[in-house]
Amino acid sequence: MLDLDLRAAPDWITHLVTGAADAGDDIQTALRLTGKYGSQLPLPGSGDTLLRWAVLAAVARENLTVARVLEAHTDALAIIAEAGQEAPPDSTWGVFAAEAPHVRLDASTHEGATTLFGTKPWCSLGADLDHALVTAHVGEQRQLFQVDLRQPAVRAHPAQGWVARGLHTVVSVPIEFDAAAAEPVGEPGWYLQRRGFAWGGIGVAACWYGGAVGLADAVVRASAKRTGDLADLHVGTVDVALHGARSALRDGAAAIDAGKVDDPELLALRVRSVVADAVERVLHQAGHALGPAPLAFDAAHAARVADLELYVRQHHGERDLAALGNRVVTPR
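Before going into details, it helps to say that this report is about the structure given with it. All of these numbers come straight from a predicted model, not from anything done at the bench.

Bringing the overall build of the chain into the picture now. Within the chain one finds 11 helices and seven strands. By the compact-globule yardstick of 20 Å for 332 residues, the chain fits well, its C-alpha radius of gyration being 20 Å. Seen through its principal axes, the chain has C-alpha atoms that stretch 75 × 45 × 40 Å. Counting over 332 residues, the chain shows a buried share of 51%. Once local pairs closer than 6 in sequence are excluded, the contacts in the chain between residues at least 24 apart make up 73%. On the chain, roughly 15800 Å² of surface is accessible, and the fraction owed to carbon and sulfur atoms is 53%.

Have a look at this one:
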């Protein structure tokens, strides 16, 4: 099942989820929980992919800030494992792969030592993490590298212009690398070509799903206090949306663990699009079901809505649907 019963879950999952519920938006607590429990999530494709996504969803149901930090950290650990390498113990990780105009990060290797030069944009928690996987240019290709962010050659820029109301403590900053020591992870081009890239993208969707379940909980509680078809309609609408998302995640996990995925990107586009659509519908219906009062007077509810609205924008909407359609029309 994708929706975990914490009464039957291992102790580490219970401690993680209850810790997330109490963490609020404190980023240091989120990092502490992530560092303590993140390595216990099963790796994608290991036979327990559904459990991995269920844990991410359970954390997101309670706290999207913790889920956002946990997802990135565990994705980094999965990438390192996929490359046949090991992460340093007691470390917290991010994955910095974004690109932006007019800034560039390059890698140079001399006598077996690799260093990074330039600026990497959009580094989530770049000022708070101690390690990251970073993509850098190697000629015409990009390659992935492990970097210790605590070295003097790495400098996170001050957080300027970050005005997000959702996930407001998960701050993205540019990071400057000035001959920073780095270790290659895979060959040039490997990061985007590997099957695990798709599995990581679906892990993000599991967090979206969990956040929407948390919002649906509020709709069910409110509707239970009312009578009439309209209250039931709100519950029915969110239930149908979440059933579709849950089914897509469950079927995707089963296919991955069975080794029956011929086109990983196609699967990821489908599952992420189904889940993103469900999240949009739950957000819409919750607004109609609950009205303005909880947005104005319930801090936890208002934060969940803002967090989920920002988080789900990692789905590129019509652009991803166009990519999906192209892949259906022209199979790979």
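A few words now on the side chain of Glu71. The topology assignment puts Glu71 in helix α4 (residues 64-82). Ignoring any residue separated from it by four or fewer positions in sequence, one finds Glu71 in contact with Leu56, Gly200, Gly203, Val204, Cys207 and Tyr311.

For the rest of this paragraph, the subject is the packing of aromatic side chains. All told, the structure shown has one aromatic pair when counted by the stated rule. Aromatic pair Tyr191 and Phe197: ring centres 5.4 Å apart, planes at 85°, arrangement edge-to-face. Relative accessible area serves as the criterion here: at 9%, Tyr191 is assigned to the buried category.

Moving on to the pattern of salt bridges. In the structure shown here, the tally under the stated rule is 13 salt bridges. Arg104 is the salt-bridge partner of Asp106, the closest N and O atoms lying 2.8 Å from each other. The class for Arg104 is partly exposed, based on a relative accessible area of 40%. Arg150 is the salt-bridge partner of Asp148, the closest N and O atoms lying 3.1 Å from each other.

Attention now goes to the packing of helix α6 (residues 196-224) against helix α8 (residues 264-290). α8 packs onto α6 with a crossing angle of 20° between their chain directions and a minimal axis gap of 9 Å. On the basis of their axis angle, the class for α6 and α8 is roughly parallel. Taken as a pair, α6 and α8 cross one another with a handedness that is left-handed.

Attention now goes to the pairing of strand β2 (residues 105-110). Note that β2 and strand β3 (residues 113-124) share six bridges and pair antiparallel. Residue pairing in the sheet places His110 in a bridge with Ala113 of β3. Between β2 and β3, which pair antiparallel one after the other, the connecting turn spans two residues, and Glu111 there sits at a positive phi close to 50°.

For the rest of this paragraph, the subject is the environment of Val147. Examined against the element boundaries, Val147 turns out to sit in strand β5 (residues 141-148). Linking Val147 and Trp93, residues 54 residues apart in sequence, is a C-alpha distance of 9.6 Å. In this structure Val147 touches Leu116, Asp130, His131, Ala132, Val134, Val154, Phe177, Ala181 and Ala182, once residues within four positions along its chain are discounted.

A word on helix α1 (residues 11-23). One full turn of an α-helix is made of 3.6 residues, so residues set three or four places apart face in the same direction. With 13 residues, α1 should reach 18 Å at 1.5 Å per residue; the first-to-last C-alpha distance of 18 Å fits that figure. Just past α1, the residue Gly24 takes up positive phi, approximately 60°.

Okay, the packing of α8 against helix α11 (residues 318-329) next. Relative to each other, α8 and α11 sit at 140°, their axes nearing to 10 Å. On the basis of the axis angle, α8 is oblique to α11. Our pair here, α8 against α11, has a crossing hand that is left-handed. Contact with α8, carried on its side by Glu265, Leu266, Leu269, Arg270, Arg272 and Ser273, involves Asp320, Leu321, Ala323, Leu324, Arg327 and Val328 of α11 and no other residues of that element. For the contact of α8 with α11, the class distribution of residues is six nonpolar, one polar and five charged.

Once that is clear, we can look at the layout of surface pockets. Looking at the largest pocket, its volume works out to about 1600 Å³. Lining the largest pocket are 46 residues, and of these Phe197, Val204, Arg272, Gln314 and His316 lie nearest its centre. The class makeup of the residues in the lining of the largest pocket is 24 nonpolar, nine polar and 13 charged. Roughly 540 Å³ of volume is contained in the second largest pocket. Forming the boundary of the second largest pocket are 25 residues, of which Arg221, Asp298, Ala300, His301 and Arg304 lie nearest the centre. The residue makeup of the lining of the second largest pocket, split by class, is nine nonpolar, six polar and 10 charged.

Within the secondary structure, Gly112 is located in the loop between β2 and β3. Once the C-alpha coordinates of Gly112 and Ser247 are considered, the two residues, 135 residues apart in sequence, prove to be 48 Å apart.

Scoring rules and cut-offs
Residues numbered from 1 in each chain as written. Predicted model: local features only at pLDDT ≥ 70, side-chain atom pairs only at ≥ 80, totals over all residues. Heavy atoms only, no water. Helix = DSSP H or I, 4+ residues; strand = E, 2+ residues; numbered from the N terminus. Rg over C-alpha atoms; globule rule 2.2 N^0.38 Å. Buried < 20%, exposed > 50% of the residue type's maximum accessible area, 1.4 Å probe, protein only. Contact = heavy atoms within 4.5 Å. Areas by Shrake-Rupley, 256 points an atom, 1.4 Å probe, with all protein chains shown as cover. Phe/Tyr/Trp six-rings, centres within 6.5 Å; stacked < 30°, edge-to-face > 60°. Salt bridge = Lys/Arg side-chain N within 4 Å of Asp/Glu carboxyl O. Axes fitted to C-alpha atoms, helices over the stretch in contact; angles between N-to-C directions. Parallel < 35°, antiparallel > 145°, perpendicular 65-115°, else oblique. Left-handed = near helix turned anticlockwise from the far one by under 90°. Pairing = 2+ DSSP bridges. Expected span 1.5 Å × (residues − 1). Nonpolar A, V, L, I, M, F, W, Y, C, P; charged D, E, K, R; others polar. 1 Å grid on protein atoms, 1.4 Å probe; cavity = no way out; pocket = protein on both sides within 12 Å on 5 of 7 lines; lining within 4 Å. Points joined across faces, edges and corners; volume = space filled by probe spheres on them.

Taken by themselves, the reported measurements are silent on function.
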